[in-house]
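So you can see what is in the structure, the chains are spelled out below.
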Amino acid sequence: MHAKSDSEVTSLAPSSPRRPVYYVQSPSHHDAVEKMSYQSSPSGTPPHHHQNLYQSSPIHHSRESSTTRFSASIKNHMSGGAGPWRKMHRMRDEEEEDEDDEDEDGGRSGGMSTRVFYGGCFFLSFVVLFTLFSLILWGASRPYKPKIFMKSVVFENYNIHSGMDRTGVPTKMLSINSTVRMTFRNPATFFGVHVTATPLDLYYYNFQIAGGHMGKFYQSRKSERVVTVKVGAKELPIYGGGASLTGTNQEPNSVPFNLTFTVRSRAYVLGMLVKPKFYRRVRCIVVLKKNRIGKHSDLKANSCIYHD
């Protein structure tokens, strides 16, 4: 007989002494040890008498059979559904790969757009700075306008004689040769100029009697030169103007002429991008004196007018 533990309870109703006595007995210490050893054993093998008890118990059989069926159904379901599970895993992996590719494409496109943006900003900044620099150079070159000073004119030959024009009409014919001298100065400190000019025309009032051409030349910075131009005419029919060209009533031996031309200068400060142009219009009153044929006649400052 096992000793009774504190958990044993004896209940007896005081009002009915004839009722049977019920005893509640807790498992003994030995049974508890065996149960713990069964639960902790690796093989899980119960004692012999417990094994017999389980084998003879219908509840155990029913539980075992239900557990076996449940585990078998799970195994069958897992084994039979391996294909769909694999497909789901493949689909998920493919979706993850597609997302990674999209992220990579998005990163590449984002980097490309960033490079394009910075490249556009750099190009725009370069254009603005270059334009500003060109405007500064153009503005700095404007004050350095070339200077022209008329020096003298020499009439080497002046002759009026009778003749015929190309159609055979008799008339007076004029022949004249002269040389015009001028000084061209380039005051610019950082660029040279290419110089051309319109024809130098010699007029008697509104009637052109002679002309000449100045050759092209290049004038370096902070320098000057004396330019010589030949102005003349040969066998020019003057028709009814021969009498007046021989001399005026006040001075029979002098004839007034007007000399007009325009000097054009172009500077290439920054290649073909910055090339300022300068124009200088000149008009001089030249008096032909027959006693000064072959001699230099100075062109005074008050006899010439200069226009920009």
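Since the model is a prediction, treat every value here as computed from it, not as a measurement. (Residues numbered from 1 in each chain as written. Predicted model: local features only at pLDDT ≥ 70, side-chain atom pairs only at ≥ 80, totals over all residues. Heavy atoms only, no water.)

Comments concerning the overall build of the chain
Then, in step 1: Looking only at helices and strands, one finds five helices and 13 strands in the chain.
Then, in step 2: The buried share of the chain, reckoned over its 308 residues, is 25%.
Then, in step 3: When contacts within the chain are restricted to residue pairs at least 6 apart in sequence, long-range pairs at least 24 apart make up 65% of them.
Then, in step 4: In the structure as shown, the chain presents an accessible area of about 22000 Å², 58% of it carried by carbon and sulfur atoms. (Helix = DSSP H or I, 4+ residues; strand = E, 2+ residues; numbered from the N terminus. Buried < 20%, exposed > 50% of the residue type's maximum accessible area, 1.4 Å probe, protein only. Contact = heavy atoms within 4.5 Å. Areas by Shrake-Rupley, 256 points an atom, 1.4 Å probe, with all protein chains shown as cover.)

Describing the confidence of the model for the chain
Then, in step 1: Of the residues in the chain, 60% have a pLDDT of 70 or more, and the chain-wide mean is 74.
Then, in step 2: In the model of the chain, strand E1 (residues 9-11) stands out as the element of lowest mean pLDDT, 41, in contrast to strand E5 (residues 193-197), which has the highest, 96.
Then, in step 3: Note that pLDDT drops below 50 for residues 1-20; the model gives that stretch 20 contacts with residues more than four away or on any other chain.
Then, in step 4: Note that pLDDT drops below 50 for residues 77-82; the model gives that stretch one contact with residues more than four away or on any other chain. (pLDDT = per-residue confidence, 0-100.)

Section: the nonpolar core
Then, in step 1: Met150, Met182, Leu200, Leu202, Phe257 and Leu259 are the most contacted members of the largest nonpolar core, which has 44 residues in total.
Then, in step 2: Sorting the residues of this core by element identifies strand E3 (147-164), strand E4 (170-186), E5, strand E6 (200-204), strand E7 (207-212), strand E9 (223-237), strand E10 (254-267) and strand E11 (277-289) as the ones contributing at least two each.
Then, in step 3: Looking at this core, the element that brings in the most residues is E10, giving six residues.
Then, in step 4: Excluding residues within four positions of it along the chain, leucine 259 makes contact with Met150, Val180, Leu200, Asp201, Leu202, Val282, Arg283, Cys284 and Val286. (Core = buried A, V, L, I, M, F, W, Y, C linked by side-chain atoms within 4.5 Å.)

Describing the state of the cysteines
Then, in step 1: Tallied over the entire structure, the rule returns one disulfide.
Then, in step 2: Paired through a disulfide, cysteine 284 and cysteine 304 show a sulfur-sulfur distance of 2.1 Å. Measuring the twist about the S-S bond at about 115 degrees, one finds the cysteine 284-cysteine 304 disulfide to be right-handed. Of this pair, cysteine 284 sits in strand E11 while cysteine 304 sits in strand E13 (residues 304-307), and the two are 20 residues apart along the sequence. The exposure classification of cysteine 284 matches that of cysteine 304, with both residues buried. (Disulfide = S-S within 2.5 Å.)

Re the environment of serine 141
Then, in step 1: Its location among the elements puts serine 141 in helix H4 (residues 82-141).
Then, in step 2: Put simply, serine 141 and lysine 277 are 136 residues apart on the chain and 9.7 Å apart in space, counted from C-alpha to C-alpha.

Some thoughts on the pairing of E6
Then, in step 1: Buried residues dominate E6, accounting for four of its five residues.
Then, in step 2: Strand direction decides the pairing type here: E6 and E7, joined by five bridges, are antiparallel. Looking at the pairing, tyrosine 204 lines up with phenylalanine 207 of E7.
Then, in step 3: Between E6 and the antiparallel strand that follows it, E7, lie two residues; tyrosine 205 among them carries a positive phi value of about 60 degrees.
Then, in step 4: Pairing of E6 with E10 involves three bridges; the strand directions are antiparallel. What sits directly across from tyrosine 203, in E10, is asparagine 258. (Pairing = 2+ DSSP bridges.)

Observations concerning a positive patch on the surface
Then, in step 1: A cluster of basic side chains, namely Lys289, Arg292, Lys295 and Lys300, defines a positive patch on the protein surface.
Then, in step 2: Along the chain, the position of lysine 300 falls in the loop between strand E12 (296-298) and E13. (Patch = residues over 30% accessible without salt bridge, like charges linked within 9 Å, V, L, I, M, F, W, Y side chains within 5 Å. Salt bridge = Lys/Arg side-chain N within 4 Å of Asp/Glu carboxyl O. Lys, Arg positive; Asp, Glu negative; His and termini not counted. Charge placed at Lys NZ, Arg CZ, Asp CG, Glu CD.)

Examining the packing of aromatic side chains
Then, in step 1: Summed over the entire model, instances satisfying the criterion amount to nine aromatic pairs.
Then, in step 2: On the basis of an interplanar angle of 85 degrees and a centroid distance of 6.4 Å, the ring pair of tyrosine 144 and phenylalanine 191 is categorised as edge-to-face. Separated by 47 residues along the polypeptide, tyrosine 144 in the loop between H4 and E3 and phenylalanine 191 in the loop between E4 and E5 bring together distant segments of the chain.
Then, in step 3: For tyrosine 144, a relative accessible area of 26% gives the class partly exposed.
Then, in step 4: A ring pair is formed by phenylalanine 190 and phenylalanine 191, whose centres lie 4.9 Å apart and whose planes are at 75 degrees; its orientation type is edge-to-face.
Then, in step 5: A relative accessible area of 4% means that phenylalanine 191 is categorised as buried.
Then, in step 6: Here the aromatic cluster, defined as three or more aromatic residues joined through ring pairs, consists of Phe155, Tyr204, Tyr205 and Phe257. (Phe/Tyr/Trp six-rings, centres within 6.5 Å; stacked < 30°, edge-to-face > 60°.)

Description of the UniProt feature "transmembrane region" (unreviewed entry) in the chain
Then, in step 1: Annotation from UniProt places "transmembrane region" (unreviewed entry) at residues 116-140.
Then, in step 2: The distance separating the terminal C-alpha atoms of residues 116-140 is 36 Å; by composition the span is 100% helix and 0% strand. (UniProt positions renumbered as here; feature names shortened; annotations may be inferred.)

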